[in-house]
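If you want the building blocks of each chain, they are given just below.
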Amino acid sequence: DGGITQSPKYLFRKEGQNVTLSCEQNLNHDAMYWYRQDPGQGLRLIYYSQIVNDFQKGDIAEGYSVSREKKESFPLTVTSAQKNPTAFYLCASSIVRGFHEQFFGPGTRLTVL
Amino acid sequence: RKEVEQDPGPFNVPEGATVAFNCTYSNSASQSFFWYRQDCRKEPKLLMSVYSSGNEDGRFTAQLNRASQYISLLIRDSKLSDSATYLCVVTPGGSYIPTFGRGTSLIVHP
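A few points on the structure. None of these values were measured; they are calculated from a predicted model. Once a new chain begins, its residue numbering starts again from 1 and follows that chain's sequence as written. All chains are assigned letters beginning at A, and all ligands numbers beginning at 1, according to the order in which they are written. With pLDDT at 70 or above as the cut-off, local features in this predicted model cover only qualifying residues; side-chain atom pairs require 80 or more to be listed or tallied, and sums for whole chains, interfaces and linings still use all residues. Only hydrogens and water are removed before side-chain values are computed, so all heavy atoms of the structure are retained for them.

Moving on, we come to the packing of aromatic side chains. Each pair of aromatic rings taken from Phe, Tyr and Trp, with Trp reduced to its six-membered ring, is defined by centres within 6.5 Å and is described as stacked if the planes are under 30 degrees apart, edge-to-face if over 60, and tilted in the remaining cases. With the rule as written, the count across this model stands at 12 aromatic pairs over all chains. Judged by centre distance (6.0 Å) and plane angle (90 degrees), the rings of Phe 104 of chain A and Tyr 36 of chain B are edge-to-face. One end of the pair, Phe 104 of chain A, is in strand S10 (residues 103–104); the other, Tyr 36 of chain B, is in strand S4 (residues 30–38), on a second chain. This pair shows no difference in class: Phe 104 of chain A is buried, exactly as Tyr 36 of chain B is. Ring geometry for Tyr 36 of chain B versus Phe 100 of chain B: centroids 6.0 Å apart, planes at 55 degrees, classification tilted. Here Phe 100 of chain B lies in strand S10 (residues 99–100) and Tyr 36 of chain B lies in strand S4, a separation of 64 residues in the sequence. Each of the two residues, Tyr 36 of chain B as well as Phe 100 of chain B, counts as buried. A connected cluster of aromatic rings, assembled from ring pairs, spans Tyr 33, Tyr 35 and Phe 104 of chain A together with Phe 34, Tyr 36 and Phe 100 of chain B. Counting as a charge over the ring demands two things of the Lys NZ or Arg CZ atom: a distance within 6 Å of the ring centre and an angle within 35 degrees of the ring normal. The lysine or arginine in question, Arg 68 of chain A, covers the ring of Phe 74 of chain A, its NZ or CZ lying 5.9 Å from the ring centre. Geometry around Phe 88 of chain A places Arg 109 of chain A over its ring, the cationic atom sitting 4.1 Å from the centre. Helix numbering and strand numbering both begin at the N terminus, where a helix is a DSSP run of H or I of at least 4 residues and a strand a DSSP run of E of at least 2. Classification of residues uses two cut-offs on accessible area relative to the type maximum, computed with a 1.4 Å probe and protein chains only: under 20% is buried, over 50% is exposed, and between them is partly exposed.

On the surface, Tyr 10, Phe 12 and Leu 113 of chain A cluster together to form a nonpolar patch covering roughly 380 Å² of accessible area. Here Leu 113 of chain A lies in the segment after strand S11 (108–112). Only residues whose relative accessible area exceeds 30% and that form no salt bridge are eligible for patches; like-charged ones are grouped when within 9 Å, while nonpolar side chains (Val, Leu, Ile, Met, Phe, Trp, Tyr) are grouped when within 5 Å. Shrake-Rupley sampling with a 1.4 Å probe provides the accessible areas, and residues are treated as covered by the protein chains on show and by no other component. We define a salt bridge as a side-chain nitrogen of Lys or Arg found within 4 Å of a carboxyl oxygen belonging to Asp or Glu.

Looking at the element boundaries, Thr 18 of chain B is found in the loop between strand S2 (11–14) and strand S3 (19–25). Setting aside anything within four residues of it in sequence, one finds Thr 18 of chain B in contact with Leu 74, Ile 75, Arg 76 and Asp 77 of chain B. Contact between two residues is taken to exist if any of their heavy atoms lie within 4.5 Å; hydrogens are not considered.

Right, let's get into the sheet that holds strand S7 (residues 60–65) of chain B. Residues and elements named next belong to chain B. Pairing within the open sheet is antiparallel, and its 5 strands lie in the order S1-S3-S8-S7-S6. With one partner strand each, in any of the chains shown, strand S1 (4–6) and strand S6 (55–57) form the two edges of the open sheet. Between one strand axis and the next, the sheet turns by 15 degrees as a mean value, whatever way the strands run. When DSSP finds at least two bridges between two strands, those strands are taken to pair. Think of each axis as a best-fit line through the C-alpha atoms, taken over the contacting stretch in the case of a helix, with angles from 0 to 180 degrees between the N-to-C directions.

Contacts between the two partners involve 26 residues from chain A, matched on the other side by 23 residues from chain B. Here chain A and chain B share an interface that buries about 1,900 Å² over both sides, 59% of which is from carbon and sulfur atoms. Along the contact surface separating chain A from chain B lie 0 salt bridges. Any pair of nitrogen or oxygen atoms within 3.5 Å is treated as a polar contact; in protein, a donor-acceptor pairing is required on top of that, and neighbouring residues in sequence qualify only through side-chain atoms on both sides. At the surface where chain A touches chain B, the tally comes to 3 residue pairs in polar contact (both at pLDDT 80 or more). Buried area is calculated as the accessible area (1.4 Å probe) missing from two parts once they are joined, with the contributions of both summed.

Pasting the structure below:
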């Protein structure tokens, strides 16, 4: 089955620790995205990437970092510099031509203790 | 003005009712429009793409009004399982980066 996987589903972190969230897709999509969603809020774009070894900051990139070494993978690191990291993190992918709807992974719920 | 605006609701309707949501967008050059459904604590899933001519999928009808810059979603014969948050998504022309509305909450009760 083609799709997007994210791991882990739940993640607990102590303050001051960096943590990396995994995102893998086998849809052969060029573009990948990371969003953050807080309770009762919409999706906010953290980073996005159109091609391997290239990525751009979204609206709330501070305190986050990404890499795109493979087309299939787009891991997100939440660093200790992120002031309020507790949130629901969603990874998505899409084509970049035509009517490009996004497909989402199941999300990672991060809680900072 | 926000780029994509939705009434957060909640819309509280009985089973069998017809309910409609609107979503306004500010960028007149927007080219792609979608409705997504998001269940509580789950990822958004594509419900419908919205074409210029409008489109229908069973009980769901989506329409685009470019002159007034809004899209709509009509749900007929509401089911309990339709309870969810409905997200409006708009992509500007020449870009592949979408803008999400904050969503409209629908609660269908017996």
